[in-house]
Amino acid sequence: LQSQDQNTYRIGGVVVKNKGKIRPLVPFAIHTKASTLLDDPEIDTIVEAIDDSEAAFEIAKYALLSGKNVISANKKMIATYLRDLIALQQQAQGRLKYEASVAGSIPIIQLLNGYLAQEPVELLRGILNGTSNFILTKIFNDSMDYQRALRQAQKLGFAESDPSSDVSGRDTWYKTKILLHEAYGLEISLDQIFYYGIDTLGSDDIQYAKSKGKRIKLIAHIIQKSGSIAAWVMPQFVDASDPLFHIDNEYNSIEIESSNLGKQHFTGKGAGALPTAVALHGDLTSLNREKPIARALSYQALSPEEIKLEVYIRDKQILDRSIIPFIKVREGYLDDRFHYLIGEVRLSDLLNLKSWLSSRSCGVIATGRYHVNEAAQLKSVKRVEMELAL
Ligand code: HSE
């Protein structure tokens, strides 16, 4: 990593799993036990970039309780233990920073917690997984097959050690939960966020998209209306008029829409060693500059029953409409190989159907159309007003 950082840091040491592995440039003490650094009173900051979320949480917990700062790239650990980590931070002296956990080189966490902290974000949507985007780019632009594209993404160091996390949508799901917290100070449980991946997409789905002049992108969606929030992660059809259509390879892109600023787009490399290293370094640099923010606005989660999404659902056989409760069907097609329907479904029904859809390898792709029950929004706003009055 080339850097213009004039600060001096003393690197106390590096802990690795495999001491025998050949490493290009490590002029520091190499250890194999995290406790060597965790118990060193001279060390005030631990940078954690391992892929085991349970071990990472133990390290973060121990470090924070010992008054050390923690910088992490582990989105699964942050998303799973967000509540505990916030409590630990309040209890301990150390600060926790995790810019590298979401969208690689895009400083989205700093942005949401700083410049946009008092701005009511109405929509935040984007491509947050470099591996899936790389695979989809190769499929759509170069007609490469899925497995080969995945192997390339692994070789280039974009994929997680278990790439099913990338292609199943789980990696984006963790990142979405983190962004919900950063944008709104809200903790929504992971099981309230529907996710679906690109791993069940088949050639019929790709052909369908191409025949309509569209591409498919794996998109995280967070919407806020009158203080109520909902989120989902799904492959989505996008056409050339959508800026996300043009985001290729391992790049990530986030669109933020807010009342005072309209639309903003942030694009950058979302995966790979250097974008991650720059984000970790950025956290290190900013550690002593920031204080936790107090938000002027307050938000609450919207029930997934109140959101209707238009989705394309494809199965190898006739879709059983008694299982998938479409509210309205707009389009459909059936031949002896596959059946798809495009129609409106409640987000709560998608959450309930998630394992059924995955077990049948159904293709599930959002069209980008959705609407939120206005009465539910008004109800939740009234509740907040009442709480404020009390
Ligand atoms: N595997 C992740 C991705 C790495 O492909 O986006 C960055 O979080």
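Above: the structure in question.
Residues numbered from 1 in each chain as written. Predicted model: local features only at pLDDT ≥ 70, side-chain atom pairs only at ≥ 80, totals over all residues. Heavy atoms only, no water.

Before going further, it helps to spend a moment on the overall build of the chain. Counting its regular elements, the chain contains 13 helices and 16 strands. Whereas a compact globule of 390 residues would reach a radius of gyration of roughly 21 Å, the chain reaches 22 Å, a difference of no more than 12%. Counting only C-alpha atoms, the chain reaches 65 × 60 × 35 Å along its principal axes. Across the 390 residues of the chain, 51% fall into the buried class. Taking the intrachain contacts of the chain between residues at least 6 apart in sequence as the baseline, contacts between residues at least 24 apart amount to 70%. A total accessible area of about 18,900 Å² is found for the chain, and carbon and sulfur atoms account for 50% of it. Within the chain, one finds 46 positive and 47 negative side-chain charges whose respective centroids are separated by 2 Å. (Helix = DSSP H or I, 4+ residues; strand = E, 2+ residues; numbered from the N terminus. Rg over C-alpha atoms; globule rule 2.2 N^0.38 Å. Buried < 20%, exposed > 50% of the residue type's maximum accessible area, 1.4 Å probe, protein only. Contact = heavy atoms within 4.5 Å. Areas by Shrake-Rupley, 256 points an atom, 1.4 Å probe, with all protein chains shown as cover. Lys, Arg positive; Asp, Glu negative; His and termini not counted. Charge placed at Lys NZ, Arg CZ, Asp CG, Glu CD.)

Lining the immediate surroundings of the ligand are Lys75, Leu128, Asn129, Gly130, Thr131, Phe158, Ala159, Glu160, Asp166, Lys175, Gly270 and Ala271. Residue Lys75 places a side-chain N or O atom 2.6 Å away from an oxygen atom belonging to the ligand. Asp166 is positioned with one of its side-chain polar atoms (N or O) 2.7 Å from a nitrogen atom of the ligand. Surface burial for the ligand is 93%, taken as the share of its 250 Å² of free accessible area covered by protein chains. Classifying every residue of the shell around the ligand gives four nonpolar, four polar and four charged. (Near = heavy atom within 4 Å. Polar contact = N/O pair within 3.5 Å; in protein donor to acceptor, adjacent residues only side chain to side chain. Nonpolar A, V, L, I, M, F, W, Y, C, P; charged D, E, K, R; others polar.)

Counted at 1.5 Å a residue, the expected span for helix α6 (residues 130-142) with its 13 residues is 18 Å, and the 17 Å between its end C-alpha atoms agrees. Among the 13 residues of α6, eleven are classified as buried, and the element is accordingly described as predominantly covered. Of the residues making up α6, those classed as buried are Gly130, Thr131, Ser132, Asn133, Phe134, Ile135, Leu136, Thr137, Lys138, Ile139 and Phe140. Taken together, the buried residues of α6 touch β6 (121-127), α7 (146-155), α8 (164-167), α10 (203-211), β8 (215-225) and β10 (251-258). Its side-chain oxygen at 3.3 Å from the backbone nitrogen of Thr131, Asn129 defines the N-terminal cap of α6. Among the residues trailing α6, Ser143 stands out with phi positive, at a value near 50°. (Expected span 1.5 Å × (residues − 1).)

Right, let's get into the sheet that holds strand β3 (residues 45-48). The sheet built from three strands is open, its strands ordered β3-β4-β5 with parallel pairing. The outermost strands of the open sheet, each flanked by one partner alone, are β3 and β5 (96-97). With four bridges joining them, β3 and strand β4 (residues 69-72) adopt parallel strand pairing. Its bridge partner being in β4, Val47 is matched across the sheet by Ile71. (Pairing = 2+ DSSP bridges.)

Together, Tyr9, Ile11 and Phe28 make up an exposed nonpolar region whose accessible area comes to about 260 Å². Classification of Phe28 as partly exposed rests on a relative accessible area of 34%. (Patch = residues over 30% accessible without salt bridge, like charges linked within 9 Å, V, L, I, M, F, W, Y side chains within 5 Å. Salt bridge = Lys/Arg side-chain N within 4 Å of Asp/Glu carboxyl O.)

This part is about the pattern of salt bridges. Across all of its chains, the model carries 16 salt bridges by this definition. With a closest N to O distance of 2.8 Å, Arg125 and Asp242 form a salt bridge. Taken together, the residues Arg125 in strand β6 and Asp242 in the loop between β9 (228-238) and β10 connect sequence positions 117 residues apart. Of the charged contacts, one joins Asp171 and Lys175 as a salt bridge, the two residues approaching to 2.5 Å between their closest N and O atoms. Separated by four residues within a single helix, Asp171 and Lys175 lie in helix α9 (residues 170-184), roughly one turn from each other. Each member of the pair, Asp171 together with Lys175, is buried.

On to the nonpolar core. Counting residues in hydrophobic clusters, the biggest one holds 74 residues, and the most contacted among them are Leu85, Ile108, Leu124, Tyr184 and Ile256. Other than its neighbours up to four places away in sequence, Leu124 contacts Leu112, Leu179, Ala183, Ala220, His221, Ile222, Ile254, Glu255 and Ile256. (Core = buried A, V, L, I, M, F, W, Y, C linked by side-chain atoms within 4.5 Å.)

So, about the packing of aromatic side chains. In this structure the tally under the stated criterion is 15 aromatic pairs. Plain terms: the ring middles of Tyr184 and Tyr299 are 4.6 Å apart, the flat faces sit at 70° to each other, and that makes the pair edge-to-face. Here Tyr299 lies in the loop between α11 (273-286) and β12 (300-301) and Tyr184 lies in helix α9, a separation of 115 residues in the sequence. Through pairs of rings, three or more aromatic residues link up here, namely Tyr208, Phe237, Tyr312, Tyr333, Phe338 and Tyr340. Over the aromatic face of Phe245 sits the side chain of Arg215, whose NZ or CZ is 4.1 Å from the ring centroid. (Phe/Tyr/Trp six-rings, centres within 6.5 Å; stacked < 30°, edge-to-face > 60°. Lys NZ or Arg CZ within 6 Å of the ring centre and 35° of its normal.)

Here the focus is the environment of Asp52. As for its position among the elements, Asp52 is in the loop between β3 and α2 (53-65). Taking the C-alpha atoms as reference points, Asp52 and Glu182, 130 residues apart in sequence, are found 23 Å from one another. Reaching out from Asp52, the side chain makes a polar contact with the backbone nitrogen of Ala55 at a distance of 3.1 Å.

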